[in-house]
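# Architecture and fold: a report
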Amino acid sequence: MKELLTLSVLILGCTFTVQANDRQEKLEYCQSDSDLAFSIMRARQSGETYRSLIELLGSQEDNNQDDREYIEKLTSMAYSFPVYDSDEEKDLAIEEFSDMVFRVCYQSNNE
């Protein structure tokens, strides 16, 4: 449940339509995406169901359609990964997913 509350706060705070113009803005923009990915994968590795995250997303009134679609895609990606048994494997999966999202964001905003 703690993961759902954290995720809810991140969803409300995320803005995905901002265009980053300088390096610091890009870092902050992509860190926001990475933080969201971290929370989604942490929820996944903690046993939260896909349905509970989608229901949480549906309960958020402040998101526009593009934001919802983006978050749903991140959630679907996270739920394509297995839930690992050991805490070490879970932590690694969380970090790798978060880093992957940051890397894709930063590279796509580097054009």
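Each chain has its residues counted from 1, following the order in which its sequence is written. Only residues with pLDDT of 70 or above have their local features reported here, since the model is predicted, and side-chain atom pairs are shown and tallied only from 80 upward, although totals for entire chains, interfaces and linings are computed over all residues. Neither water nor hydrogens contribute to the side-chain values; these are computed over all heavy atoms in the structure.

### A few points about the packing of aromatic side chains
A pair of Phe, Tyr and Trp rings is counted when the ring centres sit within 6.5 Å of each other, with Trp represented by its six-membered ring. The angle between the planes then sorts it: under 30 degrees is stacked, over 60 is edge-to-face, the rest tilted. Going through the model one piece at a time under the given rule, you end up with 3 aromatic pairs. Consider the rings of Tyr50 and Tyr79, whose centres lie 5.5 Å apart with planes at 70 degrees: the pair is edge-to-face. With Tyr50 in helix α3 (residues 50–59) and Tyr79 in the loop between α4 (65–78) and α5 (87–108), this residue pair connects regions lying 29 residues apart in the sequence. Accessible area is worked out with a 1.4 Å probe on protein chains only. A residue is then buried under 20% of its type maximum, exposed over 50%, and partly exposed in between. Exposure remark for Tyr79: the relative accessible area of 14% places this residue in the buried category. With 6.0 Å between their ring centres and 10 degrees between their planes, Phe102 and Tyr106 make a pair best called stacked. Separated by 4 residues within a single helix, Phe102 and Tyr106 lie in helix α5, roughly one turn from each other. Each member of the pair, Phe102 as well as Tyr106, carries the same accessibility label: buried. We count a stretch as a helix when DSSP gives it H or I for four or more residues in a row; a strand needs E for two or more, and each element gets its number in order from the N terminus.

### Looking at the state of the cysteines
A pair of sulfur atoms, both from cysteines and within 2.5 Å, is called a disulfide here. Tallied over the entire structure, the rule returns 1 disulfide. Paired by a disulfide, Cys30 and Cys105 hold their sulfur atoms 2.2 Å apart. Where Cys30 bonds to Cys105 through sulfur, the torsion about that S-S bond is close to -80 degrees, and the disulfide is left-handed. One end of the pair, Cys30, is in helix α2 (residues 23–45); the other, Cys105, is in helix α5, with 75 residues separating them in the sequence. Residue classification places Cys30 among the buried residues on the basis of a relative accessible area of 0%. Here Cys105 falls in the buried class, since its relative accessible area comes to 6%.

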